[in-house]
Amino acid sequence: MALVLPALLCLASGFWLVSLGWSRQYPLASDLLLRAALSFGFGLGIFSVVFFLARVSGVTNLIALDLLVFALLLASFFLLRTRAKTTATISPAKEKFDGPSWLHRILTGAFAIALCAAVYSAVLRALAHPHGDGWDAFAIWNLHARFLFRGDAHWRHGFTPLIPWSHPDYPLLLPAAVAHFWTFLGDDAPAVPAILGFIFIFATVALLFSSLSIFRGSVPAMLGGATLLATPSFIALGSWQYADIPLSFFFLATIVLLRLHDDPLDDDPDPAQRSPAFLALAGLAAGFAAWTKNEGVLFLCTIVLACYLLIRGSRAVPRESRPRGATHIAPLLLTVVPLFLLISYFKHFVAPPGDLFSDPTTMLDKLLDPARYWVITKWYAKEFFRFGHWLLVPTPLLMLAYYFLTRHETRASRDSRYRASILALALTLAGYFVIYLITPYDLYWHLRFSLTRLFLQLWPSTIFLFFLAVPCGAGAPARGR
Amino acid sequence: MTIATLIFILCLLLSTVRIVTNAPNPTRLHTDNIAKRSDQRFAALRAALPSQGVVGYIGASGSAAVGDYYLTQYALVPLVVDYSPNHPLVIGNFPVSLPPTRLPSAHLQLVKDFGDGVLLFANRDAK
C-alpha cells in the first residue's frame, strides 16, 4: 500500500507531461496504450530528477516536492489546453489485410503466445533473482540506489573513486527512481527494482506495438511486437535489472515521438500542422536516455545532429522560407538542454572522472591500430546474428530475407524524420565502434561482456523502423510522404 | 508474401520456445543466494560498524572472491568498502571461520569474529 501513492504520482506526472503536447487524437486504444507506455518512462524520469535535485539541495520533504511537481504539470496542462487549437483527430490507418484469414488468426495467436511466454519468463526470473541476475544490478545500479537512499546527507560518498568497479560516473535515472520509491517505502526492498525492470520490458513492447498500430495498423504492430517479445536476451536482460532495456525504451520513445512530430493530418503535408510539442517530447526522451546510461549521451548527440542535418521542412516549402540556423529543432533543444545541464552537473560535481578517456596517448595508439578495427568488425558481424540468443534462426537474418523478398514493394521513405532516426542509430552504432577502439579494458573482454547489450539497446528502434517501411501483406502504407 | 509472413511467424515461435525452456522451473523455484551472501551475512557486522565512512577489506582468493567483495559493499552501504587493509577498520570475508592464530596480516588485530568467516580487524598502522 505504501507504494500505491508514489506509483500513482509517478504515472500521473508522466501522463500530464506527455499530454502537455499531445495535440493529436489517435484511435482510442492505440492512443491510450502509447500514452500509458510513454507515461511510465517519463514518470520515472521525472521521479529520478526530482529525487536527485532533492538530494543535491538537501530537501527532505519528498512528498511535498512530488505533489508540487504534479500540480505544476497539471496546471500547465490545463493552461496550455485552453490556449491551444482544437485537438486534431487522426483517422485510423486504413488497414486492408490481403492475406488469408487463417494467417491473421495465426499471427494473432503467435503474438498472444509470445506475450504470455515473455510474461511467464520475466515473472519467474524476477522471483528466482530478486536482486537481479549477473553482477551489474547489485554492483552498479542498485548499489547506487542504496547510496542515494541510505546515504542521507552523505549520499555523495557512494560516488567515490575508491570503488571504481561500481562505475560511479554512470548516470542516475534508474538508481534515483528506485531510491525515490524506497524513500516512500522506508525500506530498500528488492521488489522495487525488480518490478521496474519487469515494467520496462513490457512498456517497451507496448510502445512498439501501439506506435506501429497507429502508423501501419494491427498486422505490422503484431509482427513488430512479436519480434521483440520473441527475443530471448531482451526478456532475460530486462529481468536482470540492467539499465540497457530502460535505455532501449528511451531510444524507441525518441524515435516514435520524432515520427509523431512529422505525422501529417490526414495526408496534408502542410508543415504548419506539425506539432512542435512532439519534437520537445522527443528531446525529453533523448535527454532521459542520456540520464540513464553513458551510451544515452552518445545517442542524444547523434539525434540532435541528425535532426539538425535532415529536418529542414518539406520540399514543398520554398528554400528561402525554410528555417535558418537551428530554429527548426528549437523545441528539441528546449528540452534537451536542461537535462544536459543536469547530467553535466552530476558529472562535474558528484561523479569522479570516467575511465574511458583517462589516457589520451594510449587512445591515439589504439585508434591507429588496424588490428583493433578488424577484431571489432568481426565481433560486430558475429553478434549481428547472435545478440538475441534466438533459437535456430536469427531474426535479423529473417528480416533481411523478408526485406529482399518484398523490396519491390517497400517504399524508401522520404520522410526526413525517418531518415534522421536511421542516421542517429547508425551514428550511435559507429560511436560504439569507436568506444571499443579506445577502450582501456581488454578488447575481447569488453566485447564479450557488452556488445550483446549494446545491440539490444538499438533493437526495439530497429524493429520499429523496419516495420514502418516494409509491406506486411496487410496494414496501411506508412503515413507520410 | 503469405508464405514469407508465415515462415517469419513460425521462426519467431521457435525462439519463444527457448524463452519458455530457459525460464526457471516453476515447480522447483529457488531464490538465488545474493541476499544470503550479502545482507544476511553481514547484518551483525553492519550493526557493529560506524554509520558512514570508509573501511578496508580482505578476503579469500578464488573465482568467487570478486563477487564476495562486491556483495560486501552492497550489504554495507552507506559505508564505502575499499579493497585494501590500509584503513583503521578492516573487514575480513572468508569462506570458513579463521582461527585467531591464522591472521592474514601481521598489522591486523582481530576485533571480533562474527562467525561463518566474517571478521572485523583493527589495523594498528593505518593512518
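Asker: I'd like a description of the overall build of chain A, backed by residues and values.
Answerer: Helix and strand content of chain A: 18 helices and two strands. Looking at chain A residue by residue over its 481 residues, the buried ones come to 58%. For chain A, the proportion of contacts with a sequence separation of at least 24, taken over those separated by at least 6, is 83%. Per element, the accessible surface of chain A, about 19,000 Å² overall, is 70% carbon and sulfur.

Asker: Can you break down the side chain of Arg146 of chain A residue by residue, with the values?
Answerer: As for its position among the elements, Arg146 of chain A is in helix α5 (residues 136–150). Beyond its immediate sequence surroundings of up to four residues, Arg146 of chain A is in contact with His131, Gly151, Trp182 and Asp188 of chain A together with Asp39, Tyr74, Ala75 and Val77 of chain B.

Asker: Residues and numbers for the interface of chain A and chain B, please.
Answerer: In this complex, chain A contributes 60 residues to the contact, which on the side of chain B involves 45 residues. Across the interface of chain A and chain B, roughly 4,600 Å² is buried in total on both sides, 76% from carbon and sulfur atoms. Joining chain A to chain B, the criterion identifies one salt bridge. Of the charged contacts, one joins Asp39 of chain B and Arg146 of chain A as a salt bridge, the two residues approaching to 2.7 Å between their closest N and O atoms. Where chain A meets chain B, there are twelve residue pairs in polar contact (both at pLDDT 80 or more). For the side of chain A that touches chain B, the secondary-structure elements that each account for two or more residues are α4 (101–128), α5, α8 (218–229), α9 (232–239) and α16 (395–406) of chain A. By residue number, the principal contributor to the side of chain A that touches chain B is α4 of chain A, which donates 15 residues. Here the residues of the side of chain A that touches chain B are counted per class, giving 40 nonpolar, 16 polar and four charged.

Asker: How would you summarise the packing of aromatic side chains if you had to cite specific residues and measurements?
Answerer: Residue and element names in this part refer to chain A. Taken as a whole and judged by the stated rule, the model has 51 aromatic pairs over all chains. Ring plane angle 50° and centroid distance 4.9 Å describe the contact between Phe198 and Phe202, whose orientation is recorded as tilted. Separated by four residues within a single helix, Phe198 and Phe202 lie in helix α7 (residues 191–215), roughly one turn from each other. Relative to Phe433, the ring of Tyr373 lies with its centre 6.1 Å away and its plane at 45°, an arrangement referred to as tilted. With Tyr373 in helix α15 (residues 370–384) and Phe433 in helix α17 (residues 416–438), this residue pair connects regions lying 60 residues apart in the sequence.

Asker: Explain the packing of α9 of chain A against helix α18 (residues 443–469) of chain A to me, using residue names and the numbers behind them.
Answerer: Packed helices, taken two at a time, are described by their axes: the angle between them and the distance between them. Residues and elements named next belong to chain A. It is at 11 Å that the axes of α9 and α18 come closest, and there the two elements cross at 105°. One way to sum up the angle between α9 and α18 is to call them roughly perpendicular. Counted together, Ser233, Phe234 and Leu237 of α9 and Arg453, Leu456 and Pro460 of α18 form the full contact between these two elements.

Asker: Please provide a residue-by-residue account of the pairing of strand β4 (residues 108–115) of chain B, values included.
Answerer: Residues and elements named next belong to chain B. Looking at chain direction, β4 and strand β5 (residues 118–123) are connected through six bridges and run antiparallel. Among the inter-strand pairings, Gly115 is bridged to a residue of β5, identified as Val118. Linkage of β4 to β5, two consecutive antiparallel strands, is achieved through a turn of two residues, within which Asp116 is found at a positive phi near 65°.

Asker: An account of the nonpolar core is needed here, citing residue identities and associated values.
Answerer: Considering soluble globular proteins, one finds that nonpolar side chains tend to be buried as a cluster. In this structure, Trp22, Phe42, Leu257 and Phe464 of chain A are the most contacted members of the largest nonpolar core, which totals 180 residues. Broken down by element, this core gets its largest block of residues, 14 residues, from α18 of chain A. Among the nonpolar cores identified, the runner-up in size contains six residues, and Ile58, Val90, Phe94 and Leu119 of chain B belong to it.

Asker: An account of the sheet that holds β4 of chain B is requested, with residue identities and associated values reported.
Answerer: Residue and element names in this part refer to chain B. With mixed pairing, the five strands of this open sheet are ordered in space as β2-β1-β3-β5-β4. With one partner strand each, in any of the chains shown, β2 (80–82) and β4 form the two edges of the open sheet. Within this sheet the neighbouring strands show an average axis-to-axis angle of 30°, counted without direction. Note that strand β1 (residues 54–59) and strand β3 (residues 89–93) share four bridges and pair parallel. For Tyr57, the partnering residue across the bridge sits in β3 and is Ile91. Here helix α4 (residues 65–76) sits on the sheet and contacts β1, β2 and β3; the angle it forms with β2, its principal contact strand, is near 155°.

Asker: An account of the confidence of the model for chain B is requested, with residue identities and associated values reported.
Answerer: When pLDDT is averaged across chain B, the result is 88; 92% of the residues are at 70 or more. For this predicted complex, the interface confidence reaches an ipTM of 0.93, while the overall pTM sits at 0.93.

Asker: Tell me about helix α1 (residues 4–20) of chain A, residues and numbers included.
Answerer: Note: α-helices contain 3.6 residues per turn, so residues at a spacing of three or four share the same orientation. If you check α1 of chain A, its first and last C-alpha atoms are 24 Å apart, about what 17 residues at 1.5 Å a residue would give, namely 24 Å. Those residues of α1 of chain A not exposed but buried are Pro6, Leu9, Cys10, Ser13, Gly14, Trp16, Leu17, Val18 and Ser19 of chain A.

Asker: I'd like to hear about the environment of Gly67 of chain B, residue by residue, with values.
Answerer: Residues and elements named next belong to chain B. Tracing the backbone shows Gly67 in helix α4. For Gly67, a relative accessible area of 3% translates into the label buried. In this structure the C-alpha to C-alpha distance between Gly67 and Ile34, which are 33 residues apart in sequence, comes to 9.8 Å.

Asker: Tell me about a nonpolar patch on the surface, residues and numbers included.
Answerer: Residue and element names in this part refer to chain A. Together, Phe384, Phe385, Leu397, Leu400, Tyr403 and Phe404 make up an exposed nonpolar region whose accessible area comes to about 530 Å². With respect to the helices and strands, Tyr403 occurs in helix α16. For Tyr403, a relative accessible area of 35% gives the class partly exposed.

Asker: Quick rundown of empty space enclosed by the protein? Include the residues and the values.
Answerer: All names here are of chain A. Under the defined criterion, the tally for this structure stands at three cavities of 30 Å³ or more. Here the largest cavity defines a volume of roughly 80 Å³. Every residue lining the largest cavity is counted, 13 residues in all, and those nearest its centre are Leu174, Val178, Pro193, Gly197 and Gln241. Its residues assigned to classes, the lining of the largest cavity shows nine nonpolar, four polar and no charged.

Asker: Tell me about α16 of chain A, residues and numbers included.
Answerer: Taking 1.5 Å per residue as the helical rise, α16 of chain A with its twelve residues ought to reach 16 Å, and the 16 Å between its terminal C-alpha atoms agrees with that figure. Buried within α16 of chain A we find Thr395, Pro396, Leu398, Met399, Tyr402 and Thr406 of chain A. Along the long axis of α16 of chain A, the arc covered by the buried residues comes to 155°, so they all point the same way. Residues of α16 of chain A that are buried make contact with α8, α15 and α18 of chain A together with α1 (2–22) of chain B.

Asker: Describe the pairing of β5 of chain B, naming the residues involved and giving the relevant values.
Answerer: All names here are of chain B. Taking burial as the measure, the six residues of β5 include five buried ones, the bulk of the element. Where β3 lies against β5, five bridges are found, and the strand directions are antiparallel. Bridging from a neighbouring strand, Asn93 pairs with Val118 of β5.

Asker: Before we move on, can you summarise the environment of Ala47 of chain B with the specific residues and values?
Answerer: Residue and element names in this part refer to chain B. With respect to the secondary-structure elements, Ala47 resides in helix α3 (residues 43–48). Judged by its relative accessible area of 70%, Ala47 is exposed. Through-space distance from the C-alpha of Ala47 to that of Leu76 is 9.6 Å; in sequence the pair is 29 residues apart.

What counts and how
Residues numbered from 1 in each chain as written. Chains lettered and ligands numbered in written order. Predicted model: local features only at pLDDT ≥ 70, side-chain atom pairs only at ≥ 80, totals over all residues. Heavy atoms only, no water. Helix = DSSP H or I, 4+ residues; strand = E, 2+ residues; numbered from the N terminus. Buried < 20%, exposed > 50% of the residue type's maximum accessible area, 1.4 Å probe, protein only. Contact = heavy atoms within 4.5 Å. Areas by Shrake-Rupley, 256 points an atom, 1.4 Å probe, with all protein chains shown as cover. Buried area = accessible area lost by both parts, 1.4 Å probe. Salt bridge = Lys/Arg side-chain N within 4 Å of Asp/Glu carboxyl O. Polar contact = N/O pair within 3.5 Å; in protein donor to acceptor, adjacent residues only side chain to side chain. Nonpolar A, V, L, I, M, F, W, Y, C, P; charged D, E, K, R; others polar. Phe/Tyr/Trp six-rings, centres within 6.5 Å; stacked < 30°, edge-to-face > 60°. Axes fitted to C-alpha atoms, helices over the stretch in contact; angles between N-to-C directions. Parallel < 35°, antiparallel > 145°, perpendicular 65-115°, else oblique. Pairing = 2+ DSSP bridges. Core = buried A, V, L, I, M, F, W, Y, C linked by side-chain atoms within 4.5 Å. pLDDT = per-residue confidence, 0-100. Expected span 1.5 Å × (residues − 1). Patch = residues over 30% accessible without salt bridge, like charges linked within 9 Å, V, L, I, M, F, W, Y side chains within 5 Å. 1 Å grid on protein atoms, 1.4 Å probe; cavity = no way out; pocket = protein on both sides within 12 Å on 5 of 7 lines; lining within 4 Å. Points joined across faces, edges and corners; volume = space filled by probe spheres on them. Arc of directions from axis to C-beta.

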